[in-house]
Amino acid sequence: MSELEEVMVKGDEELLGEHLGVFTARSTERRILKAAQDGGIVSAVMIYGLEEGKFDGVIASVTDPDDPEEPWKPRPVVITDPDEVLEAAGTKYTYCPNVSVLKEAVRRYGCERVAMVGTPCQIRAVRKAQLLPVGMRHVPDKIELLIGIICMENFPYEGLKTMVEQLCGVWMREVAKMDIGKGKFWVYTDDGEVKTIPIDETHPFEGEPCHVCTDYCAELSDLTAGSVGSPDGWSTVIVRTEKALELLNEMVEQGLLEVKSIEEVKPGLGLVEKLAQAKKSKNQKEIEERKELGLPEPGKVHEQL
Amino acid sequence: MVRLAYVQLAGCCGCLVSLADTYERLLDILDEVELVYCQTLMDEREVPECDVVLVEGAVCLNHEECVEEARELEEKAETIVALGACASTGNFMRYSRGNEQSAPTHEAFVPLTEVVDVDYAVPGCPPAPEAIERFLTLLLEGKTELLEPFAKLAEGKTEYCGCDLMYHVVNKNMCMGCGTCAAACPTRAIEVVDGRPVVNEDRCIKCGACFTQCPRTIWPGDEAIKELVMGGEEE
Amino acid sequence: MSERAEIQPTTRHEGHAKLVLYVDDEGYVERAFYLNTSAIRGFEAMAKGRPAEFVQVAVMRICGICQATHGTASAEAFERAMGIEPPRDGRLLRELCALGNRIQSHVLHQLLVLDDFVEDEKEKVEAVKRIQQIRKIGQYVVDVVGGEGIHPPNIRIGGMAENISESARKRLYRRLREARELMEEQHEFMKEVVERFAEENDLDMDEFGRHDQPFLATHPTYGDPDRLDLDRVVEVLPIEYYGEEHKEEAYEHNGQIPLYDGVPVEVGPRSRYVVFDGVDPRGVLYIHILRSQETLAAIDRCLNILEELNTSGKTLAEWEPRAGTGVGVHEAPRGTNVHIARVNEKGIVEDYRIIAASTWNFPVVEKAIEGEHQDYAEVIMRCYDI
């Protein structure tokens, strides 16, 4: 049994989705950790995959905090050079249409082994594109790895801006990092200042379409990463497919990842499961309420036409 | 073995080319069926009785042979599949309006779904080779549950075009801005702006690819994805 | 006294058509009619009153085998109408995209005619496999450069929507070199089977299917409106061309018949070789060999373009609508494809004309069939890749 498999545990698959195991991890590379949101898992996997030729392109989102018009507004990119991966590091708390560049990756970049990082809904979109690729000519077999991100909901850009500027009192241009954790929305500024608001205050700014999603852990990913459940500077990783496990095993063997059992850390897997349950119950209720109003159920819009 | 016919009505042959774009797998696909009619590929000159017919192209109501050819399929074929947007949703043929010098009266072009009782419709202009292959596999394996969306689309209720994407996804509070529609659009008519699609109507041809590909409109079920995609089948 | 024979529908080509043959007692064709029986979707009429951008997207859908040529000829027509100059790299990419299509289309045609020349199943399967490998590379070019292998949306009025990446350029180069090797094999195969067919059937390669019509071509690999004198082109209705005595046939033909200096002209691979290389192979079977040779030339030109291309160059000109008329000409796999657009100051199409490549060859097919035995009528027709 590999070092990684020794620390892996299984959680509740009803809540986390089917998986081979869960663990907590961080990158061993300082440059990655410095740029990353938490443990730098997504960046580390992408860099490793590109360097080893396992992927020839990765889809991620980049933001420009200094954009003259819309600072911190993300846009999707296709990265083929491992040195450029860290430009995309860090969580973005607003929409970024990553799937929109999927075809571009296999067309104008000519990629044959694409990895994509995405929210649970984006991972679902790509899986459907693989199963029923009506408008996805020659895309399905080019998908090499899907990295999911644990996600409770997302915010429209103007909503996020209101949270940062009006509620936290920080100019968007001063923001160095944003985070959600420990029941709060956090804004770090370039000067090292930290502002927080209780998470409850962000609810009015959540994107409504997120409220019909019951997928917290990107249940159809190859592997999922997120901060929830692990201590600061570490990430919780859920491995679902053999392909992902093999890749992570290699990374651990080569000393690129430091791994621990999630049972040894706080707050631990229980929190991930609790929040997954919360998202599922709350949003299932929302779906039922919408149905009563005559609105379509997600995935069944065509049935109403 | 399933007797398969391929019929082209008023179309461009692009859907057949798409099927041919399965490249090295084309021969394997054709090995799974008995191809009994395909005017572009073989010398059979009349559509025989068959189990499945794939039909590409629209029906020209002003062209007697075309209407007859379409109608006869109800007698000849057990299962009728509208392949591609012209047969499924109408496609850009919705803009046809006659008065062409060489056949001024050819003006009414409608999708097959409006003329005959179609069992399944696969939109797209053209549908991706992998989509045609998947559809045929599901059909041959009798996985009717997964074919249900295609059966629903065959009712031909609307074009499933860029407008429908707005009316039935964005307007219904369903769009989470993933960008699938923009990637799926064969004319690149869609741009995602501030997390929602903007459809350039000058480029939208009403092919149905965006609506059909959207993960919020039609969801095939997690189990199907785990079995057919994540089960390692794609490798 | 000649007898009337019909072949309907003719097979193994795109679209719907029929042959009406008047044959003598021994079955030799005295008069042939090759009639397009497809419904007329009316692209020219559909264009009127619509924005130029829509029209350029729609007309690609005239043909699902050679979409790139219609997209290109249309874009060229609008550019000339509105005084738009595509950037150098956009122009190069556009040529590359359409040549990728030419590669796949030419060998697809070789797949369709296989049954005319090959009986042995094993030989056929091998050929189909090779053709599919070549098609895959041709389509890869169109996918990467044009955005979609079928109906490439990157072809735009003003150039191409985007450049390709440097890594894609390298991949294309590598794949096209593979294609060249495969195509050399395929070319030898075509020569062999066509010559074998002639020999086995006792046909004189130089005489079989011969006609004396002139040849028209504007460019070896792209298209050049300056080499097409539109004043010498006239499109006539079938009834004018066939005359009252052949009313029955004339009314069955959906489409107009383009004539150059008042007579039908051949377009396509052989025409391009006649016009630009000065060869003059009159037997119709040579078209198969020249098409094959032209596929090799297309691959070579693709490789040259990849060398010439600047992958960070601009590909799309910005443009404002303005009133004007323009002619776009592109050499489709099947021959000279002409689009003529008239737009108003808002960029709305006021008039649109298309002379699709195959329409030139319809009356030429008739000439080539006439004099030959009726059993060969479809074989001759298929030389033209209708």
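In this text, all values refer to a predicted model and were calculated from it rather than measured experimentally.

### Let's talk about the overall build of chain A
For step 1, the next point in the chain: When helices and strands are counted, chain A shows nine helices and eleven strands.
For step 2, the next point in the chain: Over its C-alpha atoms chain A spans a radius of gyration of 19 Å, differing by no more than 12% from the 19 Å that the globule rule assigns to 305 residues.
For step 3, the next point in the chain: With respect to the principal axes defined by its C-alpha atoms, chain A has extents near 50 × 50 × 40 Å.
For step 4, the next point in the chain: Taken over 305 residues, chain A has a buried fraction of 54%.

### A few points about the overall build of chain B
For step 1, the next point in the chain: Looking only at helices and strands, one finds ten helices and nine strands in chain B.
For step 2, the next point in the chain: The globule rule puts the C-alpha radius of gyration for 235 residues at 18 Å, and the 18 Å found for chain B is close to it.
For step 3, the next point in the chain: Going through the 235 residues of chain B one by one, you find that 60% of them count as buried.
For step 4, the next point in the chain: Expressed as a percentage of contacts within chain B between residues at least 6 apart in sequence, the contacts between residues at least 24 apart total 77%.

### So, the sheet that holds strand β2 (residues 33–38) of chain B
Residues and elements named next belong to chain B.
For step 1, the next point in the chain: Strands sit in the order β2-β1-β3-β5-β7 across an open sheet of five strands; the sheet is parallel. A single partner strand is all that each edge strand has here, and the edge strands are β2 and β7 (120–122). Sheet twist, expressed as the mean angle between neighbouring strand axes with direction ignored, is 25 degrees.
For step 2, the next point in the chain: Pairing geometry for strand β1 (residues 2–8) and β2, over five bridges, is parallel.

### Digging into the nonpolar core
Generally speaking, soluble globular proteins have nonpolar side chains that are buried together.
For step 1, the next point in the chain: Among the nonpolar cores identified, the biggest contains 283 residues, and V53, V55 and V59 of chain B are the most heavily contacted of them.
For step 2, the next point in the chain: Beyond its immediate sequence surroundings of up to four residues, V59 of chain B is in contact with L9, A10, C66, V67, A70, F109, V110, L112 and V115 of chain B.

### Concerning the environment of E207 of chain C
For step 1, the next point in the chain: Among the structural elements, E207 of chain C can be located in the loop between α7 (166–200) and β6 (233–236).
For step 2, the next point in the chain: As a C-alpha pair, E207 of chain C and P321 of chain C span 114 residues in sequence and 52 Å in three-dimensional space.

### Considering helix α8 (residues 242–253) of chain A
Residue and element names in this part refer to chain A.
For step 1, the next point in the chain: The terminal C-alpha atoms of α8, which comprises twelve residues, lie 16 Å apart, in line with the 16 Å expected from a rise of 1.5 Å per residue.
For step 2, the next point in the chain: All of the buried residues along α8 are A244, L245, L247, L248, M251 and V252. Seen end-on, α8 carries its buried residues on one side only, within an arc spanning 165 degrees. Relative to its buried face, α8 has exposed residues pointing more than 90 degrees away, namely E242 and E253.
For step 3, the next point in the chain: Summarising the contacts, the buried residues of α8 are in contact with α1 (3–7), α4 (41–51), β5 (143–149), β9 (223–226), β10 (235–239) and β11 (257–260).
For step 4, the next point in the chain: At the C-terminal side of α8, G255 shows a positive phi close to 75 degrees.

### Side note on the domain arrangement of chain A
All names here are of chain A.
For step 1, the next point in the chain: For chain A, the assigned domains are domain 1 (3–154 + 214–304) and domain 2 (156–205).
For step 2, the next point in the chain: For domain 1 and domain 2, the distance between their C-alpha centroids amounts to 23 Å.
For step 3, the next point in the chain: The interface is formed by eleven residues belonging to domain 1 together with nine residues belonging to domain 2.
For step 4, the next point in the chain: For the side of domain 1 that touches domain 2, the class distribution of residues is five nonpolar, three polar and three charged.

### A word on the packing of helix α4 (residues 88–112) of chain C against helix α6 (residues 121–146) of chain C
Residues and elements named next belong to chain C.
For step 1, the next point in the chain: Direction vectors running N to C along α4 and α6 enclose 160 degrees, while the axes themselves pass 8 Å from each other. As judged from the angle between their axes, α4 and α6 are roughly antiparallel. Relative to α6, α4 is oriented so that their crossing is left-handed. For the pair α4 and α6, contact is made by L93, L96, C97, G100, N101, I103, Q104, V107, L108, Q110 and L111 and by V128, I131, I134, R135, G138, Q139, V141, V142, V145 and G146, respectively.

### Structural notes on the interface of chain C and chain B
For step 1, the next point in the chain: Across the contact, 46 residues belong to chain C and 45 residues belong to chain B.
For step 2, the next point in the chain: Those elements that provide at least two residues to the side of chain C that touches chain B are α1 (43–47), α2 (52–59), α4 and α6 of chain C.
For step 3, the next point in the chain: Broken down by element, the residue count for the side of chain C that touches chain B peaks at seven residues, all from α6 of chain C.
For step 4, the next point in the chain: Broken down by class, the residue content of the side of chain C that touches chain B amounts to 19 nonpolar, 15 polar and twelve charged.

### Description of the domain arrangement of chain B
Residue and element names in this part refer to chain B.
For step 1, the next point in the chain: According to the domain assignment, chain B contains domain 1 (2–153) and domain 2 (159–235).
For step 2, the next point in the chain: Each of domain 1 and domain 2 has a C-alpha centre, and these two points are 23 Å apart.
For step 3, the next point in the chain: Across the boundary between the two partners, domain 1 contributes 13 residues, which contact twelve residues of domain 2.
For step 4, the next point in the chain: Looking at the side of domain 1 that touches domain 2, the elements with two or more residues in it are α4 (85–88) and α6 (144–153).
For step 5, the next point in the chain: The element contributing the most residues to the side of domain 1 that touches domain 2 is α6, with three residues.

### Focus: the interface of chain B and chain A
For step 1, the next point in the chain: Between chain B and chain A, the residue contacts involve 51 residues of the former and 45 residues of the latter.
For step 2, the next point in the chain: If you list the elements that add at least two residues to the side of chain B that touches chain A, you get α5 (129–140), α6, α7 (162–170), α8 (180–184), α9 (209–213) and α10 (222–228) of chain B.
For step 3, the next point in the chain: For the side of chain B that touches chain A, the leading source of residues is α10 of chain B, giving five residues.
For step 4, the next point in the chain: The residue makeup of the side of chain B that touches chain A, split by class, is 30 nonpolar, eleven polar and ten charged.

### Some words on the sheet that holds strand β8 (residues 324–332) of chain C
All names here are of chain C.
For step 1, the next point in the chain: Spatially, three strands are ordered β8-β9-β10 in an open sheet, and the strand pairing comes out antiparallel. Taken across any chain shown, the strands that pair with only one partner, and hence form the sheet edges, are β8 and β10 (349–355). Across this sheet, the average inter-strand angle for adjacent strands is 15 degrees, counted without regard to direction.
For step 2, the next point in the chain: Relative to β10, strand β9 (residues 335–343) runs antiparallel, the two being bridged by six bridges. If you follow V343 over to β10, its bridge partner there is V349.

### Here's the deal with the confidence of the model for chain B
Do not read the predicted coordinates in detail wherever pLDDT is low.
For step 1, the next point in the chain: Residues of chain B with pLDDT of at least 70 account for 98%, and the chain-wide mean is 95.
For step 2, the next point in the chain: Interface scoring of the predicted complex returns ipTM 0.97; its pTM is 0.97.

### Notes on unusual backbone geometry
For step 1, the next point in the chain: Between C125 of chain B and the following residue, P126 of chain B, the backbone shows a cis peptide bond with an omega angle of -10 degrees.
For step 2, the next point in the chain: Considering the arrangement of structural elements, one finds P126 of chain B in the loop between β7 and α5.
For step 3, the next point in the chain: Backbone torsion omega between Q8 of chain C and P9 of chain C reads -10 degrees, so that peptide bond is classified as cis.
For step 4, the next point in the chain: Inspection of the secondary structure assignment puts P9 of chain C in the loop between β1 (3–7) and β2 (17–23).
For step 5, the next point in the chain: Positive phi is not limited to glycine here, since H151 of chain C has a value of about 60 degrees.
For step 6, the next point in the chain: Judged by local crowding, H151 of chain C falls into the buried class, with 29 C-beta atoms found within 10 Å.
For step 7, the next point in the chain: Even without being a glycine, D202 of chain C presents a positive backbone phi close to 60 degrees.
For step 8, the next point in the chain: With respect to the helices and strands, D202 of chain C occurs in the loop between α7 and β6.

### Re the packing of α2 of chain C against helix α3 (residues 67–82) of chain C
Residues and elements named next belong to chain C.
For step 1, the next point in the chain: Interhelical geometry of α2 versus α3 gives an angle of 155 degrees and a closest axis separation of 8 Å. Classified by the angle their axes make, α2 and α3 are roughly antiparallel. When the axes of α2 and α3 are compared, the crossing they make is right-handed. Mapping the contact onto sequence places A52, V55, Q56 and V59 in α2 and H70, G71, S74, A75 and F78 in α3.
For step 2, the next point in the chain: Here the contact of α2 with α3 is built from residues that sort into five nonpolar, four polar and no charged.

### Topic: the environment of V199 of chain B
All names here are of chain B.
For step 1, the next point in the chain: For V199, the location among the structural elements is in strand β9 (residues 196–199).
For step 2, the next point in the chain: A sequence separation of 14 residues divides V199 from C185, and the C-alpha atoms of the two residues are 9.9 Å apart.
For step 3, the next point in the chain: For V199, the contacting residues outside a window of four places in its chain are G162, L165, M166, A189, I190 and C204.

### Quick notes on the environment of D119 of chain B
Residues and elements named next belong to chain B.
For step 1, the next point in the chain: Mapped onto the secondary structure, D119 falls in the loop between β6 (109–110) and β7.
For step 2, the next point in the chain: In this structure the C-alpha to C-alpha distance between D119 and T137, which are 18 residues apart in sequence, comes to 16 Å.
For step 3, the next point in the chain: Those residues in contact with D119 that sit more than four places away from it in its chain are T79, I80, V81, A151 and A154.

Procedures and definitions
- Residues numbered from 1 in each chain as written.
- Chains lettered and ligands numbered in written order.
- Predicted model: local features only at pLDDT ≥ 70, side-chain atom pairs only at ≥ 80, totals over all residues.
- Helix = DSSP H or I, 4+ residues; strand = E, 2+ residues; numbered from the N terminus.
- Rg over C-alpha atoms; globule rule 2.2 N^0.38 Å.
- Buried ≥ 20, exposed ≤ 12 C-beta atoms within 10 Å, placed from the backbone.
- Contact = placed C-beta atoms within 7 Å.
- Pairing = 2+ DSSP bridges.
- Axes fitted to C-alpha atoms, helices over the stretch in contact; angles between N-to-C directions.
- Core = buried A, V, L, I, M, F, W, Y, C linked by C-beta atoms within 7 Å.
- Expected span 1.5 Å × (residues − 1).
- Arc of directions from axis to C-beta.
- Domains from an automatic or database assignment.
- Nonpolar A, V, L, I, M, F, W, Y, C, P; charged D, E, K, R; others polar.
- Parallel < 35°, antiparallel > 145°, perpendicular 65-115°, else oblique.
- Left-handed = near helix turned anticlockwise from the far one by under 90°.
- pLDDT = per-residue confidence, 0-100.

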